[in-house]
Protein chains: 2
Amino acid sequence: MKPLPSLSLTDRVENKLREFFEEHAFKPGDPLPNEMEIAENMQVSRNVVREALSRLRMLGMIETRPRKGMIMARPDILGGIERVLNPYILGKNTLKDIFELRLILEMGLAEVLFERKTAKGIKELEEIVERQIKMKSLTKEDEIEFHGKLYEMSGNETLRRFQILLFPIFDHVYKNIPKDPKNKIQDPITHKDLLNILKNGTPQEFRTAIYKHLSPYFTGTVFSY
Amino acid sequence: MKPLPSLSLTDRVENKLREFFEEHAFKPGDPLPNEMEIAENMQVSRNVVREALSRLRMLGMIETRPRKGMIMARPDILGGIERVLNPYILGKNTLKDIFELRLILEMGLAEVLFERKTAKGIKELEEIVERQIKMKSLTKEDEIEFHGKLYEMSGNETLRRFQILLFPIFDHVYKNIPKDPKNKIQDPITHKDLLNILKNGTPQEFRTAIYKHLSPYFTGTVFSY
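Chemist: Report on helix α5 (residues 92–116) of chain B, specifying residues and quantitative values.
Modeler: Residue and element names in this part refer to chain B. In a regular helix each residue adds 1.5 Å, so 25 residues correspond to 36 Å; α5 covers 36 Å between its end C-alpha atoms and thus fits that length. The largest bend along α5 measures about 40° and falls at A110. Most of α5 sits out of view: 20 of its 25 residues are buried.

Chemist: Describe the interface of chain B and chain A, and please don't skip the residues or the numbers.
Modeler: Counting residues at the interface gives 58 residues for chain B, matched by 58 residues for chain A. Of the roughly 5,200 Å² buried between chain B and chain A, counting both surfaces, carbon and sulfur atoms make up 60%. Contact with chain A buries surface across chain B, with I77, Y88 and I89 of chain B losing the most and accounting together for 13% of the total. Joining chain B to chain A, the criterion identifies 4 salt bridges. Among the salt bridges present, the one from E100 of chain A reaches R116 of chain B, with a minimum N-O distance of 2.8 Å. For the interface between chain B and chain A, the tally reads 21 residue pairs in polar contact (both at pLDDT 80 or more). Contributing elements (two or more residues each) for the side of chain B that touches chain A: α1 (9–23), α3 (46–58), α4 (79–84), α5, α8 (157–175) and α10 (203–214) of chain B. Ranked by residues supplied to the side of chain B that touches chain A, first place goes to α5 of chain B with 14 residues.

Rules used in this analysis
Residues numbered from 1 in each chain as written. Chains lettered and ligands numbered in written order. Predicted model: local features only at pLDDT ≥ 70, side-chain atom pairs only at ≥ 80, totals over all residues. Heavy atoms only, no water. Helix = DSSP H or I, 4+ residues; strand = E, 2+ residues; numbered from the N terminus. Expected span 1.5 Å × (residues − 1). Bend = angle between axes of the 7 residues up to and from the residue. Buried < 20%, exposed > 50% of the residue type's maximum accessible area, 1.4 Å probe, protein only. Contact = heavy atoms within 4.5 Å. Buried area = accessible area lost by both parts, 1.4 Å probe. Salt bridge = Lys/Arg side-chain N within 4 Å of Asp/Glu carboxyl O. Polar contact = N/O pair within 3.5 Å; in protein donor to acceptor, adjacent residues only side chain to side chain.

No statement about biological role is implied by the geometric values presented.
Here's what the structure looks like:
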């Protein structure tokens, strides 16, 4: 059991505001009470309200429009995660969970990918692979390009953006772990292999291949199973 | 193409602070410059700095400790997402992506689950199923209990918490869509079926069953494939 976090006045005002918005089913574009009205109703100082509103503005939940005043807005669901993705401050367990999450997502994606793949998507993936075959080693950007295309072909935009956000974390952690030559992969699965399975194989084959393809991120590291 | 968001002074100070923390590789517990020092260095007012710091405090990136002053902290990676999970303000496409994300996660979980299942975990899942069999219909809490146990058995705590956060959204959206009796599921997959497959089946069987089990959330709704 962990001690309950002690809430500051700003925390409480922020929580109350979010509850108020949801209880009243405010929708993006709806006008909201202004800072002064909120301060009067909650009987707190305007400084505290301003801080709480600034937090919600950061999350994209509210906006201020010229002549319209403060309105409800449509937040970016990934905005909050994006801001804390600093590998120096996230705990080891969280980093491990994120690494694993990627593997789980890309294996779970197989069914959706086979259901939604199009000739156009396959052609674009082929072009990426053709270009990458000529390279000696792949950069972080090459990895994002290939795997990002897979996510794009899945049709799930939130997932695609999530993957792009996470990539620098994978890259940082992977680069900062000493490699053990004993763990060198014997028969690595390449992007070309994955492409061929996506063209002519089955979801099950794709899942197995993705597992092997991503395994260098796991084996011989602190993140090994 | 969308217009670039215009950044306020507070946005810019917030961004600069996060960059500064990461560039200097501050770790949780490290002392940070105080509000006055930051304001002087950045040549902005203390009010603006206070607002920016309040945002980072909300995300759990910084804390103020008695006698130690402001220190770097370990944020909760899900804190930002948790705050914006209001079904009235998230866009229809984002809600669709989240619904699908759940399906992808639970299918992708199969390999990990079969690798890590323990006698203790199976026994706990059996107890949940036994209790639920006696009920006429399952509540949201029952669903969280069963699926939450699966996530728990996967050993990925971040995923488990993520699922608990998302559940009220599934529940809200599902309840608010008119059901079409034509779409009534003929041979629904129950929690007991999933348990039996986890005990005696294969990851592939589990994946297929999870797909069918979750399909009522998709078929005959705005989220149908």
